[in-house]
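# Topology and contacts: notes
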Amino acid sequence: MELGMIGLGRMGANMTERLVRGGHRVVGFDLKAESRTRAEAIGAKTAASLVELVSKLATPRTLWLMVPAGDVTDQTVTALQPLVAEGDTIIDGGNSNYKDTLRRAESLATRQVGYVDCGTSGGVWGLAEGYCMMVGGDAAVVERLRPIFETLAPARDRGWGRVGPVGSGHFAKMVHNGIEYGLMQAYAEGFSIMRHKQAFALDLHQVAEIWRYGSVVRSWLLDLTSAALETNPTMAGIAPHVDDSGEGRWTLAEAIDLDVPAPVIALSLLARLRSRDTESFSDKLLSAMRNQFGGHAIRKE
């Protein structure tokens, strides 16, 4: 097939390469000239503007967005609206909020332009291992795009599927990332407990390697944890600061809206927020309270 890839960053470039390897014709666009040069080196065609990109594609066109969620995606869709025509399809492969996806799809539907949301997981390993894709959109449109998804997926019949109408792909990916928060937090806490049991002097990398085979807690996240522990067993030089992409927050907000208890995801998100509080006024106040009611010593900075 033929498609335009908008955004040739880490994910977009790797997806472009996997598609080119699979025999598809890809025309890529990125604001950075060096990103376009790298795409050309792996066999893709490129364009220096959205206008040029659209002109290089035969109708009906397929345009894959691999740009940051939020304002950047909105700006890109707005810029594409006068350039696309009836029968064209825009695929949003980023981590957009599903409510934004529904709004964009409704706007494009008035011009008979399809909108497909593809919640994408795989990160930097996607080029070699394939991408997990949760696809939302019109069934006929998704079926027409099947060769693209089959090429990007770990296998033609595994790791991807249409999960429902437009919006459902990003919704499923949002929950996927919320679960990921909880899994990561559980691993981190467990290994921290083992590290603090100094009497046993456990080799955390060894334990991780043992757990990778036959254990009920084995997973790809554990594989990556093991690799990190092998490279840096004490996590030296890494600041205890954990960012979040926003999808954990969205998952928690949705759980509240639906009256669904999600304590593990909630606490994992709070742990990330706690990691960024370098001043920790709340902990200082807790120490002061203990001093007030019990005369407990206050540790000075």
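These lines cover the structure that appears in this document, whether it is placed above or below. (Residues numbered from 1 in each chain as written. Predicted model: local features only at pLDDT ≥ 70, side-chain atom pairs only at ≥ 80, totals over all residues. Heavy atoms only, no water.)

### Description of the overall build of the chain
Spelled out, the test is: Helix numbers and strand numbers start at the N terminus; a helix is a DSSP run of H or I with at least 4 residues, a strand a run of E with at least 2. With a 1.4 Å probe rolled over the protein chains alone, any residue whose accessible area is under 20% of its type maximum counts as buried; one over 50% counts as exposed, and the rest are partly exposed. Here, residues are in contact when the closest pair of their heavy atoms is within 4.5 Å. Per-residue and other accessible areas follow the Shrake-Rupley method at a 1.4 Å probe size, with only the shown protein chains counted as cover for residues. Positive charges come from Lys and Arg alone, negative charges from Asp and Glu alone, with His and the N- and C-terminal ends not counted. Just so you know, the charge point we use is NZ for Lys, CZ for Arg, CG for Asp and CD for Glu.
What the chain contains, in helices and strands, is 14 helices and eight strands. Each principal axis of the C-alpha atoms in the chain carries an extent, and together these give about 75 × 40 × 35 Å. Among the 301 residues that make up the chain, the fraction classed as buried is 42%. Summarising the internal contacts of the chain: among those between residues at least 6 apart in sequence, 65% fall at separations of at least 24. Of the accessible surface of the chain, which amounts to about 16500 Å², a share of 58% is contributed by carbon and sulfur atoms. Averaged over its 32 positive side-chain charges, the chain has a centre that lies 3 Å from the centre of its 35 negative ones.

### A word on the nonpolar core
Across soluble globular proteins, you tend to see nonpolar side chains buried next to one another. Our working rule: Side-chain atoms within 4.5 Å link the members of a nonpolar core, which is a set of buried Ala, Val, Leu, Ile, Met, Phe, Trp, Tyr and Cys residues.
Counting residues in hydrophobic clusters, the biggest one holds 25 residues, and the most contacted among them are Met5, Trp64, Val116, Met133, Val135, Phe149 and Leu152. Grouped together as the second largest cluster of nonpolar side chains are 19 residues, Ile6, Phe29, Leu53 and Tyr115 included.

### Details of the environment of Val113
On the secondary structure map, Val113 appears in the loop between helix 5 (98–109) and strand 6 (114–121). As a C-alpha pair, Val113 and Lys197 span 84 residues in sequence and 59 Å in three-dimensional space. Excluding its chain neighbours within four sequence positions, the residues that come into contact with Val113 are Val84, Ala85, Glu86, Asp88 and Leu108.

### Side note on the sheet that holds strand 4 (residues 62–65)
What counts is decided by this rule: Here a strand pair is declared whenever DSSP counts at least two bridges between the two strands. Axis definition: a line fitted to C-alpha atoms, over the contacting stretch in the case of helices. Angles run 0 to 180 degrees between N-to-C directions.
Spatial ordering of the open sheet is given by 3-2-1-4-5-6-7-8, a layout of eight strands whose pairing is mixed. A single partner strand is all that each edge strand has here, and the edge strands are strand 3 (45–47) and strand 8 (160–164). Ignoring strand direction, the axes of neighbouring strands in this sheet form an average angle of 25 degrees. Where strand 4 lies against strand 5 (residues 89–92), four bridges are found, and the strand directions are parallel. Within strand 5, the residue paired with Leu63 across the bridge is Ile90. Contacts from helix 9 (residues 168–196) reach strand 5, strand 6, strand 7 (132–136) and strand 8 within the one sheet, and its direction differs from that of strand 6 by about 15 degrees.

### Section: the packing of aromatic side chains
Put simply, the rule is: Classification of ring pairs rests on two measures: the distance between centres of Phe, Tyr or Trp rings, Trp counted by its six-membered ring, which must be within 6.5 Å, and the angle between planes, read as stacked under 30 degrees, edge-to-face over 60 and tilted in between. In this scheme, the term charge over a ring applies when either NZ of a lysine or CZ of an arginine sits within 6 Å of the ring centre and within 35 degrees of the ring normal.
Summed over the entire model, instances satisfying the criterion amount to four aromatic pairs. A centroid spacing of 5.3 Å and a plane angle of 55 degrees characterise the contact between Phe191 and Trp211, whose relative ring orientation is tilted. A residue pair is termed long-range when its members are at least 10 positions apart, and Phe191 in helix 9 and Trp211 in helix 10 (residues 204–211) qualify at 20 residues. Look at Phe191 and you get buried, because its relative accessible area is 6%. For Trp211, a relative accessible area of 29% corresponds to the partly exposed category. Chaining the aromatic ring pairs together yields one cluster made of Trp64, Phe149 and Trp160. We note Lys197 situated over the ring of Phe200; from NZ or CZ to the ring centre the distance is 5.6 Å. The side chain of Arg272 reaches across the aromatic face of Tyr181, ending 3.7 Å from its centre.

### Topic: helix 10
We count it as follows: Starting at the helix axis, one direction is taken to each C-beta atom, and the arc is that of these directions. Any pair of N or O atoms that falls within 3.5 Å is considered a polar contact. Within protein, one atom must be able to donate a hydrogen and the other to accept it, and sequence-neighbouring residues count only if both atoms are side-chain atoms.
Along helix 10, the residues classified as buried are Leu204, His205, Val207 and Ala208. Here the buried residues of helix 10 occupy an arc of 160 degrees about the axis, which is enough to place them on one side. Contacts made by the buried residues of helix 10 are with helix 9 and helix 11 (220–231). Its side-chain oxygen placed 3.1 Å from the backbone nitrogen of His205, Asp203 serves as the N-cap of helix 10.

### Describing helix 1 (residues 10–21)
Here is the rule we go by: Here the expected span of a helix is defined as 1.5 Å times the quantity of residues minus one.
Relative to the 16 Å expected for 12 residues at 1.5 Å per residue, helix 1 spans 17 Å between its end C-alpha atoms, a close match to the ideal helical length. Taken as a whole, helix 1 has its buried residues at Gly12, Asn14, Met15, Thr16, Glu17, Arg18, Leu19 and Val20. In the core, the buried residues of helix 1 are packed alongside strand 1 (2–6), strand 2 (25–29), strand 4, strand 6, helix 6 (126–129) and helix 8 (146–152). Among the residues trailing helix 1, Gly23 stands out with phi positive, at a value near 95 degrees.

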